[in-house]
Amino acid sequence: MMTLQKMANVTPSPRQIQWQQLEFYGFIHFGLNTFTDKEWGDGTDSPALFYPENLDARQWVRHMKAAGMKGAILTAKHHDGFCLWPSQYTDYSVAASPYQDGQGDIVREFSEACQAESFKFGLYLSPWDRNHPTYGQGKAYNTYFLNQLEELLTQYGDVFEVWFDGACGEGENGQVQTYDWDAYYRLIRRLQPQAVISVCGPDVRWVGNEGGHSRTNEWSVVPKTLQDNEKIAANSQQEADGSTMKIFDSADEDLGSRERLLSYEGELVWYPAELNVSIRPGWFYHSTEDKDVRSSDNLWAIYKQSVGNNCTFLLNIPPNTEGLLAAPDVNALKALGKRINQFYQQNIIDQAKIEWSSNGLETDTADLYQLSLDGQPWRPSPTDDIPKIELKFAEAQSIHTVILREYIPTGQQIEHVEIRTIIDGQEHILAEAHSIGYQKFIEFPTIQTDNITIAVKQYRSTIAISAIGLMADK
């Protein structure tokens, strides 16, 4: 039987912590599909079609940085099998295209742009390959795929994330390829041990949709079975071992609450969520979608659903046929970056007098929001049943959001927190949250008050808070 102590003892790896601190990063879908106006190519389109005349990877990075991103993942090979680097294991690559007279290497250009801009570099490599003749032949294709992975992980510098999906189709022989995931993971761990492996991987899970939505309560401590869900999608809704307990599915609303996990008898893992969406309806560039780029309001709402809700935000921005991010996308990124900066500038925590309900972090300053995961978190006394943090101001403020961060190196513990204020002697509950994790934006209608109390009413084990923010209209 699952216990609270087992839930409390699950913690992230160093690579997962480093990844979570990135918060917001980009996805670059670019390849032959950009020039054929397709989403999924079938592997028969000629490399001669690939000719971005003005490609500028630094332009991609600069505009992503303007939005607040800290890195990006490039589709080195999509399902059509066309490689953006001159792989020695296939002729179906940029080397067979007219781009730079067959001497081009988009992966290198992008990795060098990332290095020049102090931007993290990540890779997507599709296991499904609709061009290579060994696809569907089992070991032969897995050897090919591992060879390509090794090229990418040894020739282009540090990689922060390797992104896999579980797309799988029939090869020329009519057989479905069985991917050797364990061998893929071993190679990545050996060559890029700091890289997280995402979605079809053990480090980062898919949030469960591509619509920009996360759960009300997003837990990083979840059943280990979720690590296989995107690889066994057809089985994810079936019953386990003849019991009535449904296998946990990536799209379930509740993956990690106390109530859900107490009846779970399997192993728990730290498996945090990544929310991925495209800035356009499609993942590759289509000129007909220039008018359908997400608004800054929509992107800001998704940012709050992800970065503000214990997820990371992976936003796809596809370059056009010139090899540039298009003007509508650039404008949306710029507007989003401005919105994010304005939000964080509303933080008034440095104006607050902080009073702790029990002995914890010994400080009389109000800079707890500045503490990182390398700092010393606040821990209440074990005898403090309902730990409280009281924030008081010299005069009333127009407050609308509390930001909390747990010190995730010691796990995710908070199950119920209340945000309260006292006005004219009357206590009001402004908002509640039933999970925190790395970071949570707790919003409520703007209220004029000179005091805020953060009360932690339920938790799994001793809580540790690494940061607080208090946002107010100025």
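Residues numbered from 1 in each chain as written. Predicted model: local features only at pLDDT ≥ 70, side-chain atom pairs only at ≥ 80, totals over all residues. Heavy atoms only, no water.

- As recorded in an unreviewed UniProt entry, the protein chain goes by alpha-L-fucosidase and comes from Dolosigranulum savutiense.

## Let's talk about the confidence of the model for the protein chain
And step 1. Averaged over every residue, the pLDDT of the protein chain is 91; the share at 70 or more is 93%.
And step 2. Throughout residues 360-373 the model reports pLDDT below 50, and contacts reaching past four residues in sequence, or to other chains, amount to 41 contacts. (pLDDT = per-residue confidence, 0-100. Contact = heavy atoms within 4.5 Å.)

## Quick notes on the pattern of salt bridges
And step 1. Evaluation of the coordinates by the stated rule reveals 23 salt bridges.
And step 2. Two residues, Arg339 and Asp297, come together in a salt bridge whose shortest N-O distance is 2.7 Å. Taken together, the positions of Arg339 in helix H10 (residues 327-344) and Asp297 in helix H9 (residues 296-306) put the pair 42 residues apart, joining distant regions of the chain.
And step 3. Between Glu418 and Lys457 there is a salt bridge; the shortest N-O distance is 3.4 Å. Placement of the pair is Glu418 in strand E13 (residues 414-423) and Lys457 in strand E15 (residues 440-459), with a sequence separation of 39 residues.
And step 4. With a relative accessible area of 5%, Glu418 lands in the buried category. (Salt bridge = Lys/Arg side-chain N within 4 Å of Asp/Glu carboxyl O. Helix = DSSP H or I, 4+ residues; strand = E, 2+ residues; numbered from the N terminus. Buried < 20%, exposed > 50% of the residue type's maximum accessible area, 1.4 Å probe, protein only.)

## Remarks on the pairing of strand E9 (residues 273-278)
And step 1. Summarising burial for E9: six of the six residues are buried, a large majority.
And step 2. The two faces of E9 match: Ala273, Leu275 and Val277 on one face and Glu274, Asn276 and Ser278 on the other face are all buried.
And step 3. Where strand E6 (residues 205-206) meets E9, two bridges bridge the pair, whose relative direction is parallel. Across the sheet, the residue bridging to Trp206 is Glu274, located in E9.
And step 4. Direction of pairing for E9 relative to strand E10 (residues 311-316): parallel, over a ladder of six bridges. (Pairing = 2+ DSSP bridges.)

## So, the sheet that holds strand E4 (residues 161-164)
And step 1. With parallel pairing, the eight strands of this open sheet are ordered in space as E5-E4-E3-E2-E1-E10-E9-E6. Each edge of the open sheet carries a strand with a single partner, namely strand E5 (196-199) and E6.
And step 2. Bridge analysis of E4 against E5 gives four bridges, and the strand direction is parallel. Directly across from Phe164, in E5, lies its bridge partner Val199.
And step 3. Running at roughly 155 degrees to strand E3 (residues 120-125), helix H5 (residues 106-116) makes contact with strand E1 (24-28), strand E2 (71-77) and E3 of the sheet. (Axes fitted to C-alpha atoms, helices over the stretch in contact; angles between N-to-C directions.)

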